[in-house]
There are 2 protein chains.
Amino acid sequence: MSVHAQAQAQAQAPTAAAQATRAAIIDTAERLYRTLGYQKTAVADIARALRMSPANVYRFFPSKAAITQAIAARILDGLEAAAWAVARGPGSAPDRLRALFRLLQEQTLALFFDQRRMHDMVAAALTEHWGIVAAHIGEIDAAFRHIVADGQAAGVFAAIDADEAARMMHGACVLFTHPILVQECQDTKDLPQMAARMAEFCLRALRPDC
Amino acid sequence: MSVHAQAQAQAQAPTAAAQATRAAIIDTAERLYRTLGYQKTAVADIARALRMSPANVYRFFPSKAAITQAIAARILDGLEAAAWAVARGPGSAPDRLRALFRLLQEQTLALFFDQRRMHDMVAAALTEHWGIVAAHIGEIDAAFRHIVADGQAAGVFAAIDADEAARMMHGACVLFTHPILVQECQDTKDLPQMAARMAEFCLRALRPDC
């Protein structure tokens, strides 16, 4: 390692430690939101759980809202990575569409069902961090569009506007993927089947024109 | 009028008066829910606005929950009547479907947008009076099914399961008709176009098979 590289590594060492602390704060905050509740969790609680001072937490995040934003971004990043893995995966375009409907339904249920304490955090994210949510919606739309375009290239889907088809299919998923609806839902056992049925209905819309 | 009929009319007179009082209680409660807020409105407030005693209100409704249920039922009855008027109205089956998508979107917006105070009442209806909401969903499904069956009889829609197609189309409407989502929505100006686009996408699913 050159002297220059050593100096660089030393300069980056605090950054790596800082990233670990940031991650620990996000982990702890998310755990407290899920157990104690979003509204009831104060920065002081997060600091206490980490055996650090609130002032130290504030060195990394200027506010509880900034922590919430980081949690929301991490959850949504994970969802997007999983969606792209399906969209770019093997299998026919129709089968990948079916898998994407299923994935979105399963992930939402896993993230938010029986996690009613997350309701307030989701509501806060929807109102205070709408930019992040809107970007997420756009990213999932793009994964749908990728599959539609693949199916059109393979001749199995009609040559309709792929953006529009993607937007409508993702819109139709709201029924079983919107965290607030899933949290309010009384019959989550029906949601997997609902996702599968909606996928088949949407695939009919993509049939090539006669 | 026969003596018997007169006796009957007299016996019914209190019932008509009772119905008028019931309606006045529901009207007043709904107005207070929309202005003061659902949580903040007590039976005592409703009684005071009507210049009657709380005990008199309780003669007609055993609880605030019973009043809420009556309000929810009345709102949903109005929506259902409007949906059936579209479903049984003139015009081709595709045009009636477009009109039903539009109606559901417009009615939800009119009933719940800028009425954030109604949020708690809707949430209460969804949890405490789910039976009424489920019956309403079934009724709107039936209006969709009526149009699908008409279109199938006319040969313009594919001979698929009409129940299933109706259920999926109504499910796709959740995006722009669920009161909680519409209340959370940041861009309600886009909702009419979203309803129109979703109608066209769903109509593609109904195209006859080649």
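Residues numbered from 1 in each chain as written. Chains lettered and ligands numbered in written order. Predicted model: local features only at pLDDT ≥ 70, side-chain atom pairs only at ≥ 80, totals over all residues. Heavy atoms only, no water.

(A) Structural detail: helix α7 (residues 130-153) of chain A. Residue and element names in this part refer to chain A. For α7, which comprises 24 residues, the first-to-last C-alpha distance of 34 Å matches the rise-based estimate of 34 Å (1.5 Å per residue) to within 8%. Of all the positions in α7, only Val133, His136, Ile140, Asp141, Ala142, Ala143, Phe144, Ile147, Val148 and Gly151 are classed as buried. Positive phi appears at glycine 155, one or two residues downstream of α7, with a value of about 80°. (Helix = DSSP H or I, 4+ residues; strand = E, 2+ residues; numbered from the N terminus. Expected span 1.5 Å × (residues − 1). Buried < 20%, exposed > 50% of the residue type's maximum accessible area, 1.4 Å probe, protein only.)

(B) Up close: the relation of the copies chain B and chain A. The transform that puts chain B on chain A rotates by 180° and translates by 0.0 Å along the axis, for an RMSD of 0.0 Å. Taken together, the rotation and translation describe the operation of a two-fold axis. Here 100% of the contact residues of chain B are again contact residues in chain A; the copies associate through an equivalent surface. (Least-squares fit on C-alpha atoms with pLDDT ≥ 70 in both. Contact = heavy atoms within 4.5 Å.)

(C) Seen up close, the domain arrangement of chain A. All names here are of chain A. Examined at the domain level, chain A breaks down into domain 1 (1-62) and domain 2 (65-210). Both sides of the domain 1 and domain 2 interface together cover about 1400 Å² of buried area, and 61% of this is carbon and sulfur. If you sort the residues of domain 1 by the area they bury against domain 2, Tyr33, Arg34 and Tyr38 come out on top, with a joint share of 48%. In this assembly, domain 1 and domain 2 are joined by 2 salt bridges. Glutamate 30 is the salt-bridge partner of arginine 74, the closest N and O atoms lying 3.2 Å from each other. Across the domain 1-domain 2 interface, the total number found is 3 residue pairs in polar contact (both at pLDDT 80 or more). With 9 residues, helix α1 (residues 3-35) is the single largest residue contributor to the side of domain 1 that touches domain 2. (Domains from an automatic or database assignment. Buried area = accessible area lost by both parts, 1.4 Å probe. Salt bridge = Lys/Arg side-chain N within 4 Å of Asp/Glu carboxyl O. Polar contact = N/O pair within 3.5 Å; in protein donor to acceptor, adjacent residues only side chain to side chain.)

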